[in-house]
Amino acid sequence: MTLMSALQRSPLHELHTHAGGKFIDFYGWELPVQFTSIIDEHMTVRRAAGLFDISHMGQVMIEGAGAFDFLQNLITNDLQRTFDKGLGVYAHLCLPNGGVIDDIFVYGLKASATQSADGRRKSGDRFFMVVNGATHEKDVAWLRKNAPHGVSIVDLDKRAGFAIQGPQALKIIRKTIAGVAELPRFAFQQIKDGEPNESYWACRTGYTGEEGAEFFGPAMTIKTLWKQLLENGENEGLRPCGLGARDTLRLEVGYPLYGHELTEEHTSLEANLEWAVKWGKGDFIGRDALWKQKQSGLKTKLLAYELLERGVPRQGNRLYKAGAPGGETTSGTFSPSLQKGIGLAYAPVDWNKPGNQVEVEVHNKRIPAIVVSLPFYSRR
């Protein structure tokens, strides 16, 4: 545990303190885990809207001749499918053995490049990448290790970010910033704000299963925007929310968390995220290992379960089927929306069939559970 005095602080820290935030050490950052209670904030996002500080996430600029091809070789998803449409792409950075270094979002910021006869982009590409805070330094090192001559990797500093999420989020955004609420999912907009270096990015993404957007940019710009949204959203029920609710919200919709569902010891296929792997786009780091695994068949795969009796599963809880051990929980919680315990776990692939009965060991007691399809919760 890092001493609280030695932790990094978000540029929004003072605002959280005034709002009554309770802080924890989150991978070297002093961030609010809650303001009122996790359940209250969770339901606020499901019913109205919440603001989440995500300033701990890394913001990296990648540019130069060959930047497009460099990223295509580095990530599992296909930039070509989204770049010219102005959409961001979710993808994984993989080791040669297929293990996941991180899950990231990439946004193409300028499409001034021309194409050669074979369809490859020539020059002028700039990309904005958002990486997890826990893997920030590792990710930047991996990018720089693999970057060819002419491609620059700039780890942006003095930056901040936040997400606004919930059924009222777009209404609140519309009252504050023009054009963002009308963007389609995964689209983004670079917004000029005063001086050139005060530009920020509005991205129609999120981590809760609700509508909303994420904003990234210079610290003072983002701080001002946070306050404007909070003021404009007061009548719609907008409230600041902490990491605790962010985790229960993402788990209800089955979104992975690095260090839990995603690790260097598991692949995108084992994590049930093959949709983020585009086999037809050409070669990328880890492709051979992933293809070999796909052809030979998975032995382990991520499954979702719901407890059939009272209990709260946690990471590390063992799973049993017909009395035999074989799985381990990666994330578990009490679902405020469903009023039951839910969890994700790696287990033998033949366990991963909706309706299968398993047991989850919670506090030395085996609680019956049933394997289900994701998401656990859906508004639709």
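Residues numbered from 1 in each chain as written. Predicted model: local features only at pLDDT ≥ 70, side-chain atom pairs only at ≥ 80, totals over all residues. Heavy atoms only, no water.

Engineer: How should I be thinking about the packing of helix H6 (residues 169-176) against helix H7 (residues 219-232) in this particular structure?
Structural biologist: For the pair H6 and H7, interaxial distance at closest approach is 9 Å and the crossing angle is 115 degrees. If you check the angle between H6 and H7, you find them roughly perpendicular. Crossing of H6 against H7: the hand is right-handed. Along its contact with H6, which presents Ile172, Ile173, Lys175 and Thr176, the element H7 presents Leu225, Gln228, Leu229 and Asn232. Considering only residue class, the contact of H6 with H7 consists of four nonpolar, three polar and one charged. (Axes fitted to C-alpha atoms, helices over the stretch in contact; angles between N-to-C directions. Helix = DSSP H or I, 4+ residues; strand = E, 2+ residues; numbered from the N terminus. Parallel < 35°, antiparallel > 145°, perpendicular 65-115°, else oblique. Left-handed = near helix turned anticlockwise from the far one by under 90°. Contact = heavy atoms within 4.5 Å. Nonpolar A, V, L, I, M, F, W, Y, C, P; charged D, E, K, R; others polar.)

Engineer: Sorry, what's going on with the sheet that holds strand E14 (residues 238-241) here?
Structural biologist: The pairing of strands in a sheet comes from backbone hydrogen bonds and takes either a parallel or an antiparallel form. Sheet architecture is open: six strands sit in the order E11-E12-E13-E10-E4-E14, paired in mixed fashion. Only two strands of the sheet have a single neighbouring strand rather than two, namely strand E11 (188-191) and E14. This sheet shows a mean twist of 20 degrees between the axes of neighbouring strands, independent of strand direction. For strand E10 (residues 159-165) and strand E13 (residues 212-218), the ladder comprises seven bridges, and the chain directions are antiparallel. Of the residues in E13, the one forming a bridge with Phe162 is Phe215. Helix-sheet contacts for H7 involve strand E4 (49-53), E10, strand E12 (200-203), E13 and E14, and the interaxial angle to E13 is about 145 degrees. (Pairing = 2+ DSSP bridges.)

Engineer: Just checking my understanding: could you explain the side chain of Gln59 for this structure?
Structural biologist: Within the secondary structure, Gln59 sits in strand E5 (residues 58-63). From its side chain, Gln59 meets the backbone oxygen of Ala160 in a polar contact 3.0 Å long. Not counting the four nearest positions on each side in its chain, Gln59 is found in contact with Phe128, Met129, Val154, Asp155, Leu156, Arg159, Ala160, Gly161, Phe216 and Gly217. (Polar contact = N/O pair within 3.5 Å; in protein donor to acceptor, adjacent residues only side chain to side chain.)

Engineer: When you look at the pairing of E4 in this model, what are you seeing that I'm missing?
Structural biologist: On any regular strand, side chains alternate: one points to one face of the sheet, the next to the other face. A large share of E4 lies buried, amounting to five of its five residues. Here E4 shows no split at all, with Ala49, Leu51 and Asp53 on one side and Gly50 and Phe52 on the other all buried. In the sheet, E4 pairs with E14 via four bridges, with the strands oriented parallel. Residue pairing in the sheet places Ala49 in a bridge with Leu238 of E14. When E4 meets E10, the two strands line up antiparallel, connected through four bridges. Bridge assignment links Asp53 to a residue of E10, and that residue is Phe162. (Buried < 20%, exposed > 50% of the residue type's maximum accessible area, 1.4 Å probe, protein only.)

Engineer: I would appreciate a short explanation of the sheet that holds strand E1 (residues 8-9) in the present structure.
Structural biologist: With mixed pairing, three strands are arranged side by side in an open sheet as E1-E3-E2. What marks the edges here is a single partner per strand, and that holds for E1 and strand E2 (22-26). Relative to strand E3 (residues 29-34), E1 runs parallel, the two sharing two bridges. Each bridged residue has a counterpart across the sheet, and for Gln8 the counterpart in E3 is Trp29. Contacting E2 and E3, helix H8 (residues 243-252) runs over the sheet at an angle of about 70 degrees to E3.

Engineer: Explanation requested: the pattern of salt bridges in the structure shown.
Structural biologist: Should their charged atoms come close, side chains of opposite charge can pair. Counted according to the given criterion, the structure contains 15 salt bridges. For Arg46, the salt bridge is made with Glu252, and the minimal N-O distance between the two is 2.9 Å. Taken together, the positions of Arg46 in helix H2 (residues 38-47) and Glu252 in helix H8 put the pair 206 residues apart, joining distant regions of the chain. Owing to a relative accessible area of 4%, Arg46 belongs among the buried residues under this scheme. Taking relative accessible area as the criterion, Glu252 reaches 0% and is therefore assigned buried. Between Glu63 and Arg126 there is a salt bridge, with the nearest N and O atoms lying 3.1 Å from each other. (Salt bridge = Lys/Arg side-chain N within 4 Å of Asp/Glu carboxyl O.)

Engineer: Would you explain the nonpolar core in this entry?
Structural biologist: It is characteristic of soluble globular proteins that their nonpolar side chains tend to be buried jointly. Membership of the largest hydrophobic core comes to 34 residues, with the highest contact counts inside it found for Phe52, Tyr107, Phe128, Trp201, Phe216 and Leu262. Looking at this core, the elements with two or more residues in it are strand E7 (100-111), strand E8 (125-131), E12, H8, strand E15 (300-307) and strand E18 (340-348). Those residues within four positions of Phe128 in sequence are excluded, and the remaining contacts are Gln59, Val60, Met61, Phe105, Val106, Tyr107, Leu109, Leu156, Trp201 and Phe216. (Core = buried A, V, L, I, M, F, W, Y, C linked by side-chain atoms within 4.5 Å.)

Engineer: So what exactly am I meant to see when it comes to the packing of aromatic side chains here?
Structural biologist: For any two aromatic rings, the description comes down to two numbers: the centre-to-centre distance and the angle of the planes. Tallied over the entire structure, the rule returns 17 aromatic pairs. Residues Phe68 and Phe127 carry aromatic rings whose centres are separated by 6.3 Å and whose planes lie at 40 degrees to one another, so their mutual orientation is tilted. Highlighted residues: Phe68 in helix H3 (residues 67-74) and Phe127 in strand E8, separated in sequence by 59 residues. Across this residue pair, the class does not change: Phe68 and Phe127 are buried. Seen in terms of ring centroids, Trp279 and Trp291 are 5.1 Å apart; in terms of plane orientation they differ by 70 degrees. Their pairing is edge-to-face. (Phe/Tyr/Trp six-rings, centres within 6.5 Å; stacked < 30°, edge-to-face > 60°.)

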